[in-house]
Every structure is written in structure tokens, then in C-alpha cells.
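# Geometric and topological summary
This is what each chain is made of:
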Amino acid sequence: MELALFCTKVNILILVLALCSPCKFIQSPMDFGSSDFLHTRNTAASLDFGRLVFNSPSAVLKPRSPKDISLLLTFLSASSFGEVTVAARGAGHSIHGQAQALDGIVIEMDSIPSDIYIHKKGDDEAGFSHADISGGALWIELLEESLKVGLAPRSWTDYLYLSIGGTLSHGGVSGQTFKYGPQISNVLQLDVVTGKGELMTCSPTKNSELFYAVLGGLGQFGIITRARILLQDAPQKVRWARAFYDDFDTFTRDQELLLSMPDLVDYLEGFIVPNQLSLLGTSIAFPAHLGFVPEFHKVYYCIEFAVHDFQAKGTNAEQVVEKITKQMSHIPSRMYSVEVSYFDFLNRVRIEEMSLRSRGLWEVPHPWLNMFVPRSGIKDFKDLLLENISPEEFEGPILVYPLLRDKWDANTSAVLPDAPAEQVVYIVGVLRSATPASCPARCLDDILRRNRRIVEAASAPRIGAKQYLPRHPSPLHWRDHFGRRWNRFAARKSLFDPLSLLAPGQGIFTRTHASTV
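Residues numbered from 1 in each chain as written. Predicted model: local features only at pLDDT ≥ 70, side-chain atom pairs only at ≥ 80, totals over all residues. Heavy atoms only, no water.

### Notes on empty space enclosed by the protein
Across all of its chains, the model carries three cavities of 30 Å³ or more by this definition. Its boundaries defined by the atoms lining it, the largest cavity holds a volume of some 100 Å³. What lines the largest cavity is a set of 14 residues, among which His-170, Gly-216, Ala-414, Val-415 and Pro-470 lie closest to the centre. Looking at the lining of the largest cavity, its residues break down into nine nonpolar, five polar and no charged. (1 Å grid on protein atoms, 1.4 Å probe; cavity = no way out; pocket = protein on both sides within 12 Å on 5 of 7 lines; lining within 4 Å. Points joined across faces, edges and corners; volume = space filled by probe spheres on them. Nonpolar A, V, L, I, M, F, W, Y, C, P; charged D, E, K, R; others polar.)

### Brief notes about the nonpolar core
Soluble globular proteins tend to bury their nonpolar side chains together. Counting residues in hydrophobic clusters, the biggest one holds 85 residues, and the most contacted among them are Ile-164, Leu-168, Leu-190, Ile-229 and Phe-244. Here the element with the most residues in this core is helix α6 (residues 208-214); it accounts for five residues. The residues contacting Leu-168, other than those within four sequence positions of it, are Trp-139, Gln-183, Ile-184, Val-187, Leu-190, Val-214, Leu-215, Gly-216, Ile-224, Ala-227 and Ile-229. Core analysis: the second largest hydrophobic core is formed by 43 residues, Ala-243, Ala-317, Leu-384 and Tyr-426 among them. (Core = buried A, V, L, I, M, F, W, Y, C linked by side-chain atoms within 4.5 Å. Buried < 20%, exposed > 50% of the residue type's maximum accessible area, 1.4 Å probe, protein only. Helix = DSSP H or I, 4+ residues; strand = E, 2+ residues; numbered from the N terminus. Contact = heavy atoms within 4.5 Å.)

### Side note on the pattern of salt bridges
Summed over the entire model, instances satisfying the criterion amount to 23 salt bridges. Across the salt bridge formed by Arg-357 and Glu-363, the nearest N and O atoms sit 3.4 Å from each other. Here Arg-357 falls in the partly exposed class, since its relative accessible area comes to 37%. Between Asp-383 and Lys-382 there is a salt bridge, and its shortest N-O distance comes to 2.9 Å. (Salt bridge = Lys/Arg side-chain N within 4 Å of Asp/Glu carboxyl O.)

### Some words on the sheet that holds strand β18 (residues 424-430)
Reading across from one edge, β15-β12-β14-β13-β17-β18-β16-β19 is the order of the eight strands in this open sheet, with antiparallel pairing throughout. The two strands at the open ends of the sheet, each matched to only one other strand, are β15 (335-341) and β19 (466-467). Bridge count between strand β13 (residues 267-273) and strand β14 (residues 300-309): seven bridges; the pairing is antiparallel. Following the sheet pairing, Val-273 is matched in β14 by Tyr-300. Contacts from helix α13 (residues 441-459) reach β16 (369-374) and β19, with the element oriented near 15° to β16. (Pairing = 2+ DSSP bridges. Axes fitted to C-alpha atoms, helices over the stretch in contact; angles between N-to-C directions.)

### Points about the layout of surface pockets
The space that makes up the second largest pocket amounts to roughly 380 Å³. Lining the second largest pocket are 20 residues, and of these Ala-91, Gly-92, His-93, Arg-357 and Trp-362 sit closest to its centre. Examining the composition of the lining of the second largest pocket, we find that three residues originate from one element, helix α11 (residues 348-358), more than from any other. When its residues are assigned to classes, the lining of the second largest pocket shows eight nonpolar, four polar and eight charged.

### What about the pairing of strand β11 (residues 222-233)?
Buried residues dominate β11, accounting for ten of its twelve residues. Sheet topology places strand β7 (residues 130-134) next to β11; five bridges connect them, and they run antiparallel. The residue of β11 that forms the bridge with Ile-133 is Ala-227. Sheet topology places strand β8 (residues 151-153) next to β11; three bridges connect them, and they run antiparallel. Its bridge partner lying in β11, Pro-153 is registered against Leu-231. Bridge analysis of strand β9 (residues 187-194) against β11 gives seven bridges, and the strand direction is antiparallel. Each bridged residue has a counterpart across the sheet, and for Thr-194 the counterpart in β11 is Gly-222.

### Structural notes on the state of the cysteines
Inspection of every chain in the model, using the stated rule, returns one disulfide. Each sulfur of the disulfide joining Cys-439 and Cys-443 lies 2.0 Å from the other. Taking the sign of the torsion about the S-S bond as the criterion, the disulfide between Cys-439 and Cys-443, at about -95°, is left-handed. When its relative accessible area of 8% is taken as the criterion, Cys-439 is described as buried. Look at Cys-443 and you get partly exposed, because its relative accessible area is 27%. (Disulfide = S-S within 2.5 Å.)

That's the geometry; what it means functionally is another story.
This is the structure we're talking about:
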């Protein structure tokens, strides 16, 4: 064991010397103890879902355990070698190269075994049911394993082929967020390797500053290697409903009506329907025929909600849906509902993915834009958005749905709009695809310019929005993004990653040398 550790340390030293050398030579994979180190220009590590930024690392680490990550960061933080930075890569679903490290080291988190442990709380036992799982594992893996014992996480993302550590480093939102909060509000404990190489277990009562810093922390303070996720009883079925609108005020009023019914509604989202292609695209996974075939001389809207069905005596999910919809003001006869399995409902975006892949439309540029918008500014934001996207030509979903501020823990690093008096906050996801055949490079550049224009206008006081999954062009813009939270964010950086080794792709901090700290 001691010999293996010594060999590992020697290999790290050789690697760092190679990275700092002016001669960028290529080697075969290095033996890194129980792990592999690739000193190469790795294509996958310079690519993400956005396909907008391509920064190649000089090396890729495929660790077999968190100790390998700790050893690397301990060595780098104690050395004065060069400008080497480190990025953790989960499922590679970032948009703007946030998990890339130009001429640095990318850590492939999926090389650590998922190692899922499910604890189901007994009837007379205190505490909660929970799952312990590797940070590089995917949410779909956790769903499949937890359902074997009738349990599931409370809060999700729409797409399940994302890593645990990846979504917890940002927030993790979906239609359950209004009820249970984001995924970062449903974590009991974390194992984290800090930028100094310290392997620490943290929770709300143990190393709490690190715990809250890492949640929503954009990878700036440490790498999540393991997480304890809160679980609840899983239903067998779900009643999935959609209702259509031709008026935005009515649409948002009904969304907020459902928001006030957490005892009845288990999932709540909504989307803008700007054209026929958008209607068809958002209906791929919905297993019911929609008799809604409007003439698109104007924009339509759709509320999507779901009710869990535990198949228990005396309960009827369909009747619950009917009770809810009687209070809604959707277009007459334009409400549809269908029963599906709980697994199929949560994994619905996978169906859309398979459809897009079959047509060669998945691995294309995705100039996405996600923003949190205060309730008071949502109508102005909608108008701003429609002015900038050419509704008749838009490709991809446009999500719009409400969340509740008090479901977010203010101690975390996540940022919501600075409107504390407003309990309701909307998330808007402009999930655009730019297929090269219909949108070449000049078109893509124009979309990115329009996105920046939307962000600038929406971030101004009149609307007061904040980016989710943010990307900003300079440290000054990042300061504006965090606002009054900046000092706390910067202090946490100094505490847990003083050399700014981690997550260089975010562009928040500049790498420093050990001698200057």
C-alpha cells in the first residue's frame, strides 16, 4: 500500500512537471496508482452539451476513489507549479464550457463507482429514508435503484442523465421544486474534496460552511464525491395533465393557483407554445393524442401538472385532476390527462432525446438561456423574450413556471432575484437548438448576441432577473450577478480554494500561485 502511494505521488509530480513544461508532448495513459491519467488532448473533455466552447485540457484524470482527487489537489495546492487548474466533469451537460479546463486537468467523475446504498427508514425509526451515492453517478441510476424498495428522491431535474454532483453544484430544478424546493434543499450530507485537497464530510451541523458553500456553488469550493439524498415513498402511477391558454395573464394566474395546492399537486411546470413545431416537439413524450391544432397567428401557453397515484383504496388521481381543473380557466375543451408509470413520467425527456438523436438533432449547438424572474417582472420578461426570438422560427421548448422562494435555503451559494418581498419567482428556460442545416455559424452568433441582450435588459432593475446556470463575460459581471452575496462567496473561495484551482471554466476567479496567498 505504501509503495502504491509513493508511486502515485511520483506520477503526479511527473505529470505536473510535464504540464508546466513549454514542451507539450503526448504520452500514453500514465499509471496513477489505481487510476488512469491521460496526458493528451482529450476530445470528450473539451466538449459539452452546449457545443459552444471547446477548451482542451492537457490531461484527464480517471479516479477510482475520492482519495485520488484529494492527492492531486493536495499536491497542486502545495506546489508553485505554473497555472494548472482543475475541473470536475460529470455528464458533460454544461452549456458554456463550465466543466472544461484549458491546458489544465479534467477529472472524469463517472470513473468512480456509483456505489449506491439505500436506507429505508423503519416505522419506529427516527430520521429519514435516504440514499448515499457517488457524485459522478447519474440521477437515473438513483431512480432505478431506489424504486426497487419503493422509494425515490423528492426533487428532480427534467432530464435524469445528469450527475449527482453536477446538479447539486448548481441547484437542480424541475416541476417538484415548488413543493419540495430544489435538489440542493433535499441533501442531508456531502463528501467533498476542497481546492486544498482536504477530503471532508459536511452537513448542516458538521462543517456547515463548506456544506452550504458547495450547494449551488458552481464547483468553486470543492468537488462533490458523495451525497446523501433525502428519499420518500414513490407512487406507482402518475396522472399527467396539460391545459392550454391563449392569454399569458390567465396562464400565470392558473399556475399560481396550482402553486397554492401542494396537498393536491405534485408537479407543476408550463411552457410557451410559439409555433406548430414547438407544439409537436413538446408533445413527443406525452402519451395521449392532443386535439389542439391551433392556427398560429398568436402565441399559446400550456400548463403541465401531475398528481401522484399510490393505487391506494379510497383515492382516485383522475378525480383529483378533475377537482383541480374545475378551478382553472384554460381554453374550453383544451385540457388533456393520461395515466403513466412513475418511472416513465420522470424519464419523459429521455423519449424526446431518443427522437432527436434518431433525426441527428441531439448533438447540435444548444445556445440555452435560463433565468430566475421575479413575479412582478414575468410579463415584461415574456414580452422581452418574444421580441428577441422570432416565435415563428423558434426550435426547442420555452419553459415558464413558478417556484417559492422559501423553499430555497439562503445559506447556500445559489442566487435568486433580489426581491425578498416577493415569495413567487419564475424560472424561464429558453432551451433552443441550433441545427447546422437551419442555423449556420452566423445564425448561432446572432442567437448568442440576442441572449446577451435579453440578459442585460432583464438584469436591469425594471425586471430584476438573475441567470440560472449562469455564464458571465468578466469577473465584474459576476460581482453584479452575486450582488450583496458576493463578499460571502469570495470569502468562501479564499477559505476552501485559495489558489482558485477549481472550475476555471466559470471565469469567476483567476488562478493564483501558492507564494502569493
